[in-house]
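# Coordinate inspection notes
Here are the chains, one letter per residue:
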Protein chains: 2
Amino acid sequence: MECYWGFLGLLVPALLVGFLSVILTLVWVLHYREGLGWDGSGLEFNWHPVLIVTGFVFIQGIAIIVYRLPWTWKCSKLLMKCIHAGLNTVAATLVTVSLVAVFDYHNAGSIPNMYSLHSWVGLTTVILYFLQLLFGFLVFLLPWAPPHLRAVIMPIHVYSGLLLFGMVIATCLMGVTEKLFFVLNNPSYSSFPPEGVFANALGLLIVLFGALILWIATRPQWKRPKEPDSTLLQPHGGKTEGMEGTVSMSFVNNLDRSDSDSNSEAAARKRNLGLEESGQRSTM
Amino acid sequence: MECYWGFLGLLVPALLVGFLSVILTLVWVLHYREGLGWDGSGLEFNWHPVLIVTGFVFIQGIAIIVYRLPWTWKCSKLLMKCIHAGLNTVAATLVTVSLVAVFDYHNAGSIPNMYSLHSWVGLTTVILYFLQLLFGFLVFLLPWAPPHLRAVIMPIHVYSGLLLFGMVIATCLMGVTEKLFFVLNNPSYSSFPPEGVFANALGLLIVLFGALILWIATRPQWKRPKEPDSTLLQPHGGKTEGMEGTVSMSFVNNLDRSDSDSNSEAAARKRNLGLEESGQRSTM
């Protein structure tokens with residue numbers, strides 16, 4: 001139980017900050033901008049921030065950490081992959097609708113498309129995200145990819161996922177910046193109007209959500225334990241002395257802890273092993 | 001030698017992209033903006049992007065990966081810590097001057113300070129960066145912190161460093177966005193003027209530099225091998241069977257490789273061990 005509470009101490013703030021970001025984006029467009037619609041006007045444009053923050057930030061953030069929820073470690077890997085892919089597919093759908101909204105709005109008002117850095121980085125991110133989704137589906141969800149290929153692709157898949165999540169947040173910050181300079185003229189953005197302060201705070205909240213998700217996603221003690229049959233893929237090709245040995249070998253290094261290892265993380269990880277020892281986990 | 005060439009294949013493109021970003025920033029201010037000066041005018045402001053991209057992006061990027069250069073693994077850890085801290089101090093100095101330039105420019109022209117999201121995220125990043133530098137100095141460079149404290153702080157230090165680097169890049173992108181909307185009026189940014197396209201390309205180049213640095217910084221095979229005395233800090237408190245055992249335990253897991261481990265990374269890491277076997281490395 002201890003590991004559940006420790007994880008909840010991170011998860012609950014992350015979900016609260018993410019959910020609050022979605023709510024504040026809705027407040028922004030409903031209270032400060034003229035609301036939502038689908039008529040080629042600014043009302044249609046307003047779907048763009050709402051759907052991006054909901055799908056590309058909040059839902060993608062949850063999709064990234066879904067393997068790390070300790071109470072899902074009992075579930076089959078296939079089920080978790082389906083949830084991970086499903087959440088990312090929902091995010092991709094919302095992103096697609098949000099892009100239709102903004103292109104519709106531009107075209108209806110004869111506003112040029114794709115001239116700003118926000119649009120360049122944003123479209124690059126969307127294209128790479130769809131490629132990531134496609135390759136993830138082909139390599140990890142369909143059963144045909146050999147284990148060696150999965151082993152080679154997995155670090156790239158994980159790195160790309162976190163990088164794209166960071167790029168989404170950077171693109172959001174550019175989008176907020178652009179929008180505030182467009183619309184805040186009287187009073188101007190530089191006179192600290194309520195909408196400017198409000199949207200700046202929203203931007204900081206999105207950064208905080210990203211920081212929490214990236215922290216959870218890179219802590220070794222919350223990494224889903226390996227499946228028992230993964231002992232076949234030990235680095236030296238040898239067998240380990242048991243499941244605990246396998247997992248303790250795999251958690252030590254994360255990112256660049258170059259001075260020494262964290263005994264507290266080792267202890268946390270050992271506690272989590274109780275789940276495996278119960279023998280309730282199923283494999284794909 | 002093989003590991004050197006493999007690393008160079010990543011390092012050279014990263015340095016080229018970073019150096020090109022600095023050059024393009026100089027071209028932007030010298031060719032498209034009116035150049036550099038220190039008179040409270042736009043010429044003084046122009047030091048801001050030049051010093052930020054040089055110090056906060058390029059030099060900080062090198063500081064992040066300096067431990068990972070294989071040919072430095074023979075050097076003492078203390079020397080490498082001094083280089084890491086020294087580069088970050090140079091970056092912090094350039095950032096300070098760049099902030100003086102922008103506040104001077106604002107104050108001389110009676111332009112309000114700190115109203116935009118760029119400034120909010122940017123100042124937050126700078127403050128956290130200085131705190132990171134201070135805590136890094138106190139905990140890792142001065143000899144008084146006990147190993148246990150270093151072990152606890154190290155994952156936070158590494159995570160914060162990479163997160164702050166990402167925040168710097170996001171802030172740069174917002175800065176480019178702001179500047180282009182300010183200055184491109186006739187012809188407007190939306191008519192794809194050369195300066196707009198040029199600065200957008202610079203923004204993408206900065207993103208690419210960040211992506212390369214983060215890739216290098218998170219690959220387990222380029223992690224500096226542990227010092228021999230770090231066997232005292234093995235997760236289960238036990239001794240390992242030798243240096244190779246220590247390192248092979250420490251490289252397996254990076255981020256969230258949840259399907260299986262990469263045998264190719266294991267092989268790469270084993271090749272790198274040749275350096276240690278030569279017995280040339282010194283410890284702090």
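Residues numbered from 1 in each chain as written. Chains lettered and ligands numbered in written order. Predicted model: local features only at pLDDT ≥ 70, side-chain atom pairs only at ≥ 80, totals over all residues. Heavy atoms only, no water.

### Here we look at the overall build of chain A
The condition that has to hold: A run of H or I in DSSP counts as a helix once it spans at least four residues, and a run of E counts as a strand once it spans at least two, with each numbered from the N terminus. Where accessible areas are quoted, they stem from the Shrake-Rupley method and a 1.4 Å probe; at the residue level, only the protein chains shown are allowed to cover.
Helix and strand counts for chain A come out as 10 helices and zero strands. Of the accessible surface of chain A, which amounts to about 11,300 Å², a share of 71% is contributed by carbon and sulfur atoms.

### Thoughts on the side chain of T177 of chain A
We count it as follows: Contact definition: two residues touch when any of their heavy atoms are within 4.5 Å.
Looking at the element boundaries, T177 of chain A is found in helix α6 (residues 147-183). Not counting the four nearest positions on each side in its chain, T177 of chain A is found in contact with L117, M174, T177 and E178 of chain B.

### Structural notes on the packing of helix α3 (residues 47-65) of chain A against helix α5 (residues 117-141) of chain A
Each pair of packed helices gets described by two things: the angle between the helix axes and the distance between those axes. Residue and element names in this part refer to chain A. Selection criterion: Note on definitions: angles span 0 to 180 degrees between N-to-C directions of axes, and those axes are lines fitted to C-alpha atoms, for helices only across the stretch in contact. Roughly parallel refers to an angle under 35 degrees, roughly antiparallel to one over 145, roughly perpendicular to one between 65 and 115, and oblique to any angle outside these ranges. In this scheme the handedness of a crossing depends on how the near helix is turned from the far one: anticlockwise by less than a right angle means left-handed, clockwise means right-handed. Gly is put with the polar residues, along with every residue not named as nonpolar or charged; the nonpolar set is Ala, Val, Leu, Ile, Met, Phe, Trp, Tyr, Cys and Pro, and the charged set is Asp, Glu, Lys and Arg.
Where α3 contacts α5, the axes come no closer than 14 Å and their chain directions differ by 45°. It follows from the interaxial angle that α3 and α5 lie oblique. With respect to the hand of their crossing, α3 and α5 are arranged in left-handed fashion. Two secondary-structure elements touch here, α3 through H48, F56 and Q60 and α5 through H118, T125, V126 and Y129. Considering only residue class, the contact of α3 with α5 consists of three nonpolar, four polar and no charged.

### Focus: the packing of aromatic side chains
To describe a pair of aromatic rings, one takes the distance between the centres and the angle between the planes. The cut-off we apply is this: We call Phe, Tyr and Trp rings a pair once their centres come within 6.5 Å, taking the six-membered ring for Trp, and we label the pair stacked below 30 degrees between planes, edge-to-face above 60, and tilted otherwise. Per-residue accessibility, obtained with a 1.4 Å probe over protein chains only, is compared with the maximum for each type, and a residue is labelled buried under 20%, exposed over 50%, and partly exposed between these values. Only Lys NZ and Arg CZ are tested; either one counts as a charge over a ring when it is within 6 Å of the ring centre and within 35 degrees of the ring normal.
For the coordinates displayed, the defined rule picks out 32 aromatic pairs over all chains. Ring centres of Y32 of chain A and F198 of chain A lie 5.1 Å apart, and the angle between their planes is 50°; on these two criteria the pair is classed as tilted. Remark: F198 of chain A occurs in helix α7 (residues 194-218) and Y32 of chain A occurs in helix α1 (residues 2-32); sequence separation between them is 166 residues. Plain terms: the ring middles of W215 of chain A and Y159 of chain B are 4.8 Å apart, the flat faces sit at 80° to each other, and that makes the pair edge-to-face. Of this pair, W215 of chain A sits in helix α7 while Y159 of chain B sits in helix α6 (residues 147-183), placing the two residues on different chains. The partly exposed category is assigned to W215 of chain A, whose relative accessible area is 21%. Ring pairing ties together the aromatic residues Y115 and F182 of chain A together with F181, Y189 and F192 of chain B, which thus form one cluster. Taking the ring centre of W215 of chain A as reference, the NZ or CZ of R219 of chain A above it sits at 3.9 Å.

### Some remarks on the pattern of salt bridges
What counts, and what does not: In what follows, salt bridge is the name for a side-chain nitrogen of Lys or Arg lying within 4 Å of a carboxyl oxygen of Asp or Glu.
Under the definition given, this model contains four salt bridges over all chains. Put simply, E195 of chain B and R33 of chain B hold a salt bridge, and the shortest N to O gap is 2.8 Å. Placement of E195 of chain B in helix α7 (residues 194-217) and of R33 of chain B in the loop between α1 (2-32) and α2 (42-45) is noted, with a sequence separation of 162 residues between them. The pair E195 of chain B / R33 of chain B is uniform in exposure class, with both members buried. One continuous salt-bridge network, built from bridges that share partners, spans R33, E34 and E195 of chain A.

### Some words on the state of the cysteines
Operational definition: Pairs of cysteine sulfur atoms within 2.5 Å are identified as disulfides in what follows.
One pass over the full model with this rule turns up zero disulfides over all chains. Of all cysteine sulfurs, the one in C75 of chain B lies closest to C82 of chain B, which takes part in no disulfide; the gap is 12 Å.

### A few points about α3 of chain A
All names here are of chain A. How we decide: The span expected for a helix works out to 1.5 Å for each residue beyond the first. Bending is quantified residue by residue as the angle between axes fitted to the seven-residue window ending at that residue and the seven-residue window starting at it.
Between the first and last C-alpha of α3 there are 26 Å, a value that for 19 residues agrees with the 27 Å anticipated at 1.5 Å per step. If you look at α3, its biggest bend is around 25°, right at I59. Burial of α3 is extensive: 16 of the 19 residues sit out of reach of the surface.

### Considering the environment of S190 of chain A
Selection criterion: Polar contact is the term for a pair of N or O atoms within 3.5 Å; when the atoms are in protein, one must be able to donate a hydrogen and the other to accept it, and sequence-neighboring residues count only if both atoms are side-chain atoms.
With respect to the helices and strands, S190 of chain A occurs in the loop between α6 and α7. There is a polar contact of 2.9 Å between the side chain of S190 of chain A and the side chain of S188 of chain A.

### Focus on the confidence of the model for chain A
All names here are of chain A. Convention followed: On a scale of 0 to 100, pLDDT captures the predictor's confidence in every residue.
With 79% of its residues at a pLDDT of 70 or more, chain A shows a mean pLDDT of 85. Below a pLDDT of 50 lies the segment residues 229-284, which in the model reaches 158 contacts outside its immediate sequence neighbourhood of four places, other chains included. Confidence metrics for the complex model read pTM 0.84 and ipTM 0.84.

### Things to note about a nonpolar patch on the surface
All names here are of chain A. Rule in force here: In this scheme, patches are assembled from residues that exceed 30% relative accessible area and form no salt bridge. Like charges are connected within 9 Å, while nonpolar side chains (Val, Leu, Ile, Met, Phe, Trp, Tyr) are connected within 5 Å.
Residues I127, L128, L131, L134, F135, F137 and L138 make up a contiguous nonpolar surface patch of about 640 Å² in total accessible area. Position of L138 among the secondary structure elements: in helix α5. Taking relative accessible area as the criterion, L138 reaches 42% and is therefore assigned partly exposed.

### Details of the packing of α5 of chain A against α7 of chain B
The N-to-C vectors of α5 of chain A and α7 of chain B enclose an angle of 40°; their axes lie 9 Å apart at closest approach. Between α5 of chain A and α7 of chain B, the interaxial angle falls into the category oblique. In this structure, the crossing between α5 of chain A and α7 of chain B has a hand that is right-handed. Taken together, the residues of α7 of chain B that come into contact with α5 of chain A (itself represented by L117, W120, V121 and T124 of chain A) are V197, N200, A201, G203 and L204 of chain B.

### Quick word on helix α4 (residues 77-108) of chain A
With 32 residues, α4 of chain A should reach 46 Å at 1.5 Å per residue; the first-to-last C-alpha distance of 46 Å fits that figure. Phi for S110 of chain A, located one or two positions after α4 of chain A, is positive at around 50°.

### Re unusual backbone geometry
Peptide bonds are mostly trans, and most non-glycine residues show a negative phi. Residue and element names in this part refer to chain A. Here the residue pair N186 and P187 is connected by a cis peptide bond, since its omega of 0° sits within 30 degrees of zero. Checked against the element boundaries, P187 lands in the loop between α6 and α7. Residues other than glycine seldom take positive phi values, yet M114 does so here, at roughly 60°. Considering the arrangement of structural elements, one finds M114 in the loop between α4 and α5. Here M114 falls in the partly exposed class, since its relative accessible area comes to 25%.

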